[in-house]
Amino acid sequence: MKIDIANPHQNFADIPLGLKFLKMSIPQELEGKVGIENENLKPLLWLIGRWKSESGVGTFPTVSPFEYAEEIEFFSLGQQPLLNYAAYSFKPGANVPMHCEKGFLRIKPGTNSISFMVAHNLGLAVLEEGEVAGNEINLESKNIGRMSFAKDPEVTKLKRCFKLEGDVLEQIVHMQTSKTEMSEHLVAKYKKM
């Protein structure tokens, strides 16, 4: 099948799932050439890799509960004290895209302080800060940028936790909007691919 991404009439449902999303890993030109070269990344090594959830659960006071599947990836391009991040969620079974995030998880050298900079396809750019302690990361938004024509209600605060227990990575996201108090929004459990 020929895939023409410039064709607005391309039947998205006929494209295999793996081709629907951008490649998430290290650019092909750098494969096999990049290692973890920054000692400051040691507290984050447990997070590196590609992770897949079969079923996540979304809830919020203003929406009906929903399920989603997601793939996330954290990888290093070498010398900088940061990990690159990509996430793609889709409806389980139907393989219909739902959400995309790209960003960077940066550690302050010599500390456990981290900053998570994430751009969302729905028109948000979020700066979250927090700490890594063992196999757990806790973050809270410090700044949320929003495109002028984003849908209401406005997201005003986010809290996020990544936690590794055994071989299962869990991510929990809490959200506050201009119309709702802070509430649990997303819970997903991942296995490394």
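Everything quoted here is computed from the prediction, not taken from an experiment.

A.B. asks: Would you mind showing me how to read the confidence of the model for the protein chain here?
C.D. replies: For any part of a model where pLDDT is low, the fine detail of the predicted coordinates should not be relied upon. Considering every residue of the protein chain, the mean pLDDT works out to 86; 82% of them sit at 70 or more. The model gives residues 1-23 a pLDDT under 50, and that stretch makes 24 contacts with residues more than four places away or in other chains.

A.B. asks: Can you help me understand the pattern of salt bridges in this one?
C.D. replies: Think of it this way: side chains of opposite charge can pair up when their charged atoms draw near. This model, assessed by the stated rule, comprises 10 salt bridges. Here R160 ties to E101 by a salt bridge, and the two come within 3.6 Å at their closest N and O atoms. Separated by 59 residues along the polypeptide, R160 in strand 8 (residues 155-165) and E101 in strand 4 (residues 96-107) bring together distant segments of the chain. Note that E170 and K189 form a salt bridge whose closest N and O atoms lie 4.0 Å from each other. Residue E170 is found in strand 9 (residues 168-177), and its partner K189 is found in strand 10 (residues 183-192); the two are separated by 19 residues along the sequence. Overall, E170 belongs to the partly exposed group, its relative accessible area being 21%. Three or more residues are tied together by salt bridges with common partners; here these are E101, E128 and R160.

A.B. asks: Honestly, the packing of aromatic side chains in this entry has me stumped. Any pointers?
C.D. replies: Centre distance and the angle of the planes are the two values used to describe a pair of aromatic rings. Summed over all chains, the structure comprises 6 aromatic pairs. Look at Y85 and F116: their rings are 4.8 Å apart centre to centre, the planes differ by 65°, and that puts the pair in the edge-to-face class. Of the two residues, Y85 sits in strand 3 (residues 82-91) while F116 sits in strand 5 (residues 113-120), which places them 31 residues apart along the sequence. The exposure class of Y85 is buried, given its relative accessible area of 3%.

A.B. asks: Looking at this structure, I do not really get the sheet that holds strand 8. What am I missing?
C.D. replies: The strands that make up a sheet are held in pairs by hydrogen bonds between backbone atoms, and each pair lies either parallel or antiparallel. Around the barrel, which closes on itself, the 10 strands sit in the order 1-2-3-4-5-6-7-8-9-10 with antiparallel pairing between neighbours. Going across the sheet, the axis of each strand differs from the next one's by a mean of 25°, ignoring polarity. The sheet contact formed by strand 3 and strand 4 spans 10 bridges and is antiparallel. Residue pairing in the sheet places F90 in a bridge with P97 of strand 4.

A.B. asks: Is there a simple way to explain the environment of S55 in this structure?
C.D. replies: When you line up the elements, S55 lands in strand 1 (residues 49-60). In this structure, the C-alpha to C-alpha distance between S55 and Y68, residues 13 residues apart in sequence, is 5.5 Å. Excluding residues within four positions of it along the chain, S55 makes contact with E67 and Y68.

What counts, and at which threshold
- Residues numbered from 1 in each chain as written.
- Predicted model: local features only at pLDDT ≥ 70, side-chain atom pairs only at ≥ 80, totals over all residues.
- Heavy atoms only, no water.
- pLDDT = per-residue confidence, 0-100.
- Contact = heavy atoms within 4.5 Å.
- Salt bridge = Lys/Arg side-chain N within 4 Å of Asp/Glu carboxyl O.
- Helix = DSSP H or I, 4+ residues; strand = E, 2+ residues; numbered from the N terminus.
- Buried < 20%, exposed > 50% of the residue type's maximum accessible area, 1.4 Å probe, protein only.
- Phe/Tyr/Trp six-rings, centres within 6.5 Å; stacked < 30°, edge-to-face > 60°.
- Pairing = 2+ DSSP bridges.
- Axes fitted to C-alpha atoms, helices over the stretch in contact; angles between N-to-C directions.

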